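Structural characterization, general
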Amino acid sequence: LIEWPPSPWRLLRALIACGFTSQGWSESSQGCSEVPPVARRLIDKLAAVLPSYRLPAASAAHSRHFMPVGALAKGREQTTLVFDTWATVGDGELLIHWPCQLDAEEAELFGKLVVALGYLGRSESWVEAQLTDEVPAEWNAVPCQEGEHRGPGWEQVSLMAAIPEGSYQNWLD
């Protein structure tokens, strides 16, 4: 199924991956990620809030292909039918807004990560991204708090999101 809009969790995961592929972040010899403090602050701030979206008109598309499963049946390689789905936006643009304040260092890193973003974690999720000061008159997909119902004309879509660092630490403890 298409994840539309892309979940906050998928967006953060893609930004972190860009840090490793474009900013020289690495893993230490102990297997721990050595993410710079500014990156940690940036991701913590973005994870602490839910973004709003300005969704363009989109249509669903898919490709079908047969993928080998690594087994033989009657002397032939077995395959399974795979559907790769995506949202086609044509010339439209998806705008995403995280309602948080970034300092200059965080904003600079955010800009570098966004420009390096080429996909959102699925092979068919190709993107071109940039930071913008453009603010649409209306966000047409906004977070909804648990138990909140916006009424007629709204469709509620569940998306996976990170939890704020403090909540995560409480869960770990």
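Residues numbered from 1 in each chain as written. Predicted model: local features only at pLDDT ≥ 70, side-chain atom pairs only at ≥ 80, totals over all residues. Heavy atoms only, no water.

Some words on the packing of helix α1 (residues 8-22) against helix α2 (residues 37-47)
Put simply, the rule is: For helices, the fitted axis covers only the stretch in contact; all axes are lines through C-alpha atoms, and the angles between them, taken along N-to-C directions, range from 0 to 180 degrees. Elements are defined by DSSP. Helices are runs of H or I of four residues or more, strands are runs of E of two residues or more, and each kind is numbered from the N terminus. Oblique is the label for any angle not covered by the other classes, which are roughly parallel (under 35 degrees), roughly antiparallel (over 145) and roughly perpendicular (65 to 115). The contact definition used throughout considers only heavy atoms, calling two residues in contact when any of these lie within 4.5 Å. Note on residue classes: Ala, Val, Leu, Ile, Met, Phe, Trp, Tyr, Cys and Pro are nonpolar, Asp, Glu, Lys and Arg are charged, and everything else, Gly too, is polar.
Between α1 and α2, whose axes approach to 11 Å, the crossing angle comes to 170°. On the basis of the axis angle, α1 is roughly antiparallel to α2. Along its contact with α1, which presents Leu-12, Leu-15 and Ile-16, the element α2 presents Ile-43, Leu-46 and Ala-47. Here the contact of α1 with α2 is built from residues that sort into six nonpolar, no polar and no charged.

Here's the deal with the environment of Trp-98
How we decide: Residue exposure (1.4 Å probe, protein chains only): buried if accessible area is under 20% of the type maximum, exposed if over 50%, otherwise partly exposed.
Residue position: Trp-98 is located in the loop between β6 (95-97) and α3 (104-116). Under the relative-accessibility criterion, Trp-98 is labelled buried at 11%. Counting along the chain gives 49 residues from Trp-98 to Val-49, while the straight-line C-alpha distance between them is 6.7 Å. If near-sequence neighbours (up to four positions away) are discounted, Trp-98 is found in contact with Leu-11, Leu-46, Val-49, Pro-51 and Phe-110.

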